[in-house]
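Chain and residue survey
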Amino acid sequence: MKMKLFQTICRQLRSSKFSVESAALVAFSTSSYSCGRKKKVNPYEEVDQEKYSNLVQSVLSSRGVAQTPGSVEEDALLCGPVSKHKLPNQGEDRRVPQNWFPIFNPERSDKPNASDPSVPLKIPLQRNVIPSVTRVLQQTMTKQQVFLLERWKQRMILELGEDGFKEYTSRSCNLGFHVCDHVYMKNLARDVFLQGKRFHEALESILSPQETLKERDENLLKSGYIESVQHILKDVSGVRALESAVQHETLNYIGLLDCVAEYQGKLCVIDWKTSEKPKPFIQSTFDNPLQVVAYMGAMNHDTNYSFQVQCGLIVVAYKDGSPAHPHFMDAELCSQYWTKWLLRLEEYTEKKKNQNIQKPEYSE
């Protein structure tokens, strides 16, 4: 009896020991697996989500729109933020022009007087050795601008071929459009040239008080660009000059401004631009503000003009007729851009000086 009881107890002990060892083994195996297995890490946890939010949004919303040299939004993502031409607080903006000259003429007034001509001035541009505003800006473009135009050229060659691209750029532009001064970029695209030329002709016709509606070419007035600027033209009055040349005798440069007129009651140098892409911000217009203040500073010291201008206006018109974007520049903003223009002019002068020094070496 006792023997049977002892055997029963032994069997129970063996059974419980196996269970404990099994449970311990399972627990050990589980914990070993947990420790040996690497914790899954999200590679995007440490990414600055705010910094790259614009890039993500751009990729998700991209629709493959055809681009031109004026494509700023894509380039801002690829090459960093575009210089916004604001207060001179970064990089070259901290430089001070060595030869300072004021943009405004203290001896002139921006108020109209009895001696001002009733017909808008239209002084012809005299071609000479004096550099133009457009040429100065072309010769002093940033590396980023040159890169963007080179990329545009390669894209156009893929679409049109070498011969097609040469034909596409076979006509030079003299309307102040800003392009790279490389051999292959000296001429603007023919269709852009013609569209811009007709647009300026139509505006000149509209703003010339001596012309009647019957004398105006109705075909010119029906373009999408003219439709685009209709709401701007309602605020333009008191035209003082149209397609008129200016010369700065002290700083030694010339230019051909589009228009001088009052915009919302303020006298402005107005620059009309065309674009196939929206440009709602002034930084999207590249060097156009420098062009405007260069014309302004020259006109304010040109003896052909009896008045001066302290404001600027860049109007970007669109081919599809959508409302144009006006970029108004007050006297303070014009003064900031004037400093930048003086720096670019000095850079151009220095480049020309170095070229002249090197010429004798090549001539031999």
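In this report, the structure presented in the accompanying data block is examined. (Residues numbered from 1 in each chain as written. Predicted model: local features only at pLDDT ≥ 70, side-chain atom pairs only at ≥ 80, totals over all residues. Heavy atoms only, no water.)

**Structural notes on the overall build of the chain**
In terms of regular secondary structure, the chain is built from 11 helices and 5 strands. When burial is assessed residue by residue, the chain has 40% of its 364 residues classed as buried. Restricting to contacts in the chain with at least 6 residues of sequence separation, those with at least 24 account for 71%. In the structure as shown, the chain presents an accessible area of about 22,300 Å², 55% of it carried by carbon and sulfur atoms. (Helix = DSSP H or I, 4+ residues; strand = E, 2+ residues; numbered from the N terminus. Buried < 20%, exposed > 50% of the residue type's maximum accessible area, 1.4 Å probe, protein only. Contact = heavy atoms within 4.5 Å. Areas by Shrake-Rupley, 256 points an atom, 1.4 Å probe, with all protein chains shown as cover.)

**Regarding the packing of aromatic side chains**
Counting across every chain of the model gives 3 aromatic pairs. Positioned above the aromatic ring of Phe307 is the side chain of Arg240, whose terminal nitrogen or guanidinium carbon lies 4.7 Å from the ring centre. (Phe/Tyr/Trp six-rings, centres within 6.5 Å; stacked < 30°, edge-to-face > 60°. Lys NZ or Arg CZ within 6 Å of the ring centre and 35° of its normal.)

**Focus on empty space enclosed by the protein**
Where empty space is left in the structure can be found by rolling a water-sized probe over the atoms. The tally for this structure, following the rule as stated, stands at 3 cavities of 30 Å³ or more. Of the voids in this model, the largest cavity is the one considered here, and its volume is about 50 Å³. As for the largest cavity, its lining consists of His200, Leu203, Glu204, Leu207, Leu242, Glu243, Asp258, Cys259 and Trp272. Where the lining of the largest cavity is concerned, the elements lending two or more residues are α6 (190–207), β1 (236–248) and β2 (253–263). Counting residues per element, the lining of the largest cavity draws most heavily on α6, which supplies 4 residues. Among the residues making up the lining of the largest cavity, the classes are represented as 5 nonpolar, 1 polar and 3 charged. (1 Å grid on protein atoms, 1.4 Å probe; cavity = no way out; pocket = protein on both sides within 12 Å on 5 of 7 lines; lining within 4 Å. Points joined across faces, edges and corners; volume = space filled by probe spheres on them. Nonpolar A, V, L, I, M, F, W, Y, C, P; charged D, E, K, R; others polar.)

**Some words on helix α10 (residues 288–300)**
Between the first and last C-alpha of α10 there are 18 Å, a value that for 13 residues agrees with the 18 Å anticipated at 1.5 Å per step. Counting buried positions along α10 gives 13 out of 13 residues, so the element sits mostly inside the fold. (Expected span 1.5 Å × (residues − 1).)

**A look at the sheet that holds β1**
The strand order across the open sheet built from 5 strands is β1-β2-β3-β4-β5, with neighbouring strands paired in mixed fashion. Looking at the sheet topology across the chains shown, the edges are occupied by β1 and β5 (325–329). Across the sheet, the axes of successive neighbouring strands diverge by a mean angle of 30°, strand direction being ignored. Sitting on the sheet, α10 touches β1, β2, β3 (266–275), β4 (311–318) and β5, and the angle it makes with β2 is about 90°. (Pairing = 2+ DSSP bridges. Axes fitted to C-alpha atoms, helices over the stretch in contact; angles between N-to-C directions.)

**Side note on unusual backbone geometry**
A positive phi angle, close to 45°, is found at Glu243, a residue other than glycine. With respect to the helices and strands, Glu243 occurs in strand β1. A positive phi is found at Asn252, a non-glycine position, where the angle reads about 65°. Here Asn252 lies in the loop between β1 and β2. We classify Asn252 as partly exposed; its relative accessible area is 40%.

**Some words on the state of the cysteines**
Using the criterion set out here, one finds 0 disulfides in the structure. With no disulfide of its own, Cys259 lies closest to Cys268 among cysteine sulfurs, the gap being 9.4 Å. Cys311 supplies the cysteine sulfur nearest to Cys268, a cysteine that is in no disulfide, at a spacing of 5.0 Å. Accessibility expressed as a relative area gives 0% for Cys268, which makes it buried. (Disulfide = S-S within 2.5 Å.)

**Describing the environment of Pro124**
Counting through the fold element by element, Pro124 comes out in the loop between α3 (73–79) and α4 (133–139). Take Pro124: its relative accessible area is 55%, and that puts it in the exposed class. For the pair Pro124 and Glu243, spaced 119 residues apart in the sequence, the C-alpha separation amounts to 8.1 Å.

**Comments concerning the pattern of salt bridges**
A side chain of one charge can pair with a side chain of the opposite charge when the charged atoms of the two come close. With the rule as written, the count across this model stands at 6 salt bridges. Lys353 is the salt-bridge partner of Glu350, the closest N and O atoms lying 3.9 Å from each other. With Glu350 and Lys353 both in helix α11 (residues 331–363), this residue pair falls 3 residues apart, about one helical turn. (Salt bridge = Lys/Arg side-chain N within 4 Å of Asp/Glu carboxyl O.)

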